[in-house]
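Close look at the chain arrangement
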Amino acid sequence: MGSDVSSASRVLRLPDEDLIEIVSTENSGGFESHVFEAAKAELERRGLPETVAASIAEAAQGRREEHNERATEPLSNAGWVAFILCGPILLGTIAVVIIFASIGQTQKAKDALGAIFLSFVFWALVVAVLTFVFG
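Note that this is a predicted model, so its numbers are computed, not measured.

**Details of the overall build of the protein**
Check the secondary structure of the protein and you find seven helices and zero strands. Ordered by position in the sequence, the α and β elements of the protein form the string α-α-α-α-α-α-α. Computed over the C-alpha atoms, the radius of gyration of the protein is 24 Å, more than 25% above the 14 Å expected from 2.2 N^0.38 for a compact globule of 135 residues. Out of the 135 residues in the protein, the part that is buried amounts to 24%. Sequence-distant contacts, at least 24 apart, represent 67% of the contacts inside the protein between residues at least 6 apart. Total accessible area computed for the protein in this model is approximately 9,000 Å², and 66% of it derives from carbon and sulfur atoms. Separation between the mean location of the 10 positive side-chain charges and that of the 17 negative ones in the protein comes to 5 Å.

Structure, rendered in structure tokens:
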């Protein structure tokens with residue numbers, strides 16, 4: 001219960017843009033129902049004009065769409081080649097995977113991990129062929 005009160009009091013200090021984003025995402029935003037209700041009540045208390053609220057809600061929707069696009073964007077062909085060639089250099093390649101994941105590019109992070117795995121297969125085959133040829 002104490003957590004509910006503290007999160008509701010934090011909601012009261014949020015700017016209009018954040019309140020509208022909470023209210024416009026409703027259940028899909030991952031907010032607790034008491035946070036959603038507190039944000040809705042605070043917006044009503046502030047009495048924003050409809051045009052301002054609508055434009056802020058539209059901007060929030062645009063940010064959500066941009067985030068979703070970024071999360072599903074695949075690794076480019078050049079990225080695949082780079083990760084396959086440099087995959088065994090784990091300090092560098094794993095760091096890039098972590099960066100992709102931390103900035104919300106989850107599909108790129110998954111693709112990069114797959115490319116790192118393929119790089120080990122690729123380089124094992126290269127070493128095997130070179131060993132066979134120059135053996």
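Here the narrative resumes.
**With respect to the nonpolar core**
Taken as a class, soluble globular proteins show a tendency for nonpolar side chains to be buried jointly. Ranked by size, the top nonpolar core spans nine residues in total: Val11, Leu19, Ile20, Ile22, Val35, Ala38, Ala39, Leu43 and Ile56. Sort the elements by how many residues they give to this core and helix H3 (residues 33-46) lands first, with four residues. Apart from residues lying up to four places away in sequence, leucine 19 is in contact with Val11, Leu14, Ala39, Glu42, Leu43 and Arg46. Listed in part, the eight residues of the second largest apolar core include Phe83, Ala109, Ala112 and Ala115.

**Here's the deal with the packing of helix H6 (residues 90-102) against helix H7 (residues 106-134)**
Direction vectors running N to C along H6 and H7 enclose 160 degrees, while the axes themselves pass 7 Å from each other. With respect to their mutual orientation, H6 and H7 come out roughly antiparallel. With respect to the hand of their crossing, H6 and H7 are arranged in left-handed fashion. The segment H6 lies against H7, with Leu90, Thr93, Ile94, Val97, Phe100 and Ala101 engaging Thr106, Lys108, Ala109, Ala112, Leu113, Ile116 and Phe120. Residues belonging to the contact of H6 with H7 are distributed by class as follows: 10 nonpolar, two polar and one charged.

**Overview of the packing of aromatic side chains**
For any pair of aromatic rings, the description rests on two quantities: the centre-to-centre distance and the angle between the ring planes. The final tally for this structure, using the stated rule, is two aromatic pairs. Residues phenylalanine 83 and phenylalanine 100 carry aromatic rings whose centres are separated by 6.5 Å and whose planes lie at 50 degrees to one another, so their mutual orientation is tilted. In this pair, phenylalanine 83 is assigned in helix H5 (residues 77-86) and phenylalanine 100 in helix H6, connecting sequence segments 17 residues apart. Per residue, the accessibility class of phenylalanine 83 equals that of phenylalanine 100, and both read buried. Here phenylalanine 122 and tryptophan 123 contribute two aromatic rings whose centre-to-centre distance is 5.0 Å and whose plane-to-plane angle is 75 degrees, an arrangement assigned as edge-to-face. Under the relative-accessibility criterion, phenylalanine 122 is labelled partly exposed at 33%. A relative accessible area of 34% means that tryptophan 123 is categorised as partly exposed.

**Quick look at the pattern of salt bridges**
Scanning the model with the defined rule gives five salt bridges in all. The closest approach of N and O atoms between arginine 70 and glutamate 66, which form a salt bridge, is 3.6 Å. Pair noted here: arginine 70 and glutamate 66 are both in helix H4 (residues 50-72), with a separation of four residues, about one helical turn. Overlapping salt bridges, with partners in common, bring together Asp16, Glu42, Arg45 and Arg46 in one network.

Parameters and conventions
Residues numbered from 1 in each chain as written. Predicted model: local features only at pLDDT ≥ 70, side-chain atom pairs only at ≥ 80, totals over all residues. Heavy atoms only, no water. Helix = DSSP H or I, 4+ residues; strand = E, 2+ residues; numbered from the N terminus. Rg over C-alpha atoms; globule rule 2.2 N^0.38 Å. Buried < 20%, exposed > 50% of the residue type's maximum accessible area, 1.4 Å probe, protein only. Contact = heavy atoms within 4.5 Å. Areas by Shrake-Rupley, 256 points an atom, 1.4 Å probe, with all protein chains shown as cover. Lys, Arg positive; Asp, Glu negative; His and termini not counted. Charge placed at Lys NZ, Arg CZ, Asp CG, Glu CD. Core = buried A, V, L, I, M, F, W, Y, C linked by side-chain atoms within 4.5 Å. Axes fitted to C-alpha atoms, helices over the stretch in contact; angles between N-to-C directions. Parallel < 35°, antiparallel > 145°, perpendicular 65-115°, else oblique. Left-handed = near helix turned anticlockwise from the far one by under 90°. Nonpolar A, V, L, I, M, F, W, Y, C, P; charged D, E, K, R; others polar. Phe/Tyr/Trp six-rings, centres within 6.5 Å; stacked < 30°, edge-to-face > 60°. Salt bridge = Lys/Arg side-chain N within 4 Å of Asp/Glu carboxyl O.

By themselves, these observations are geometric and do not establish any function.
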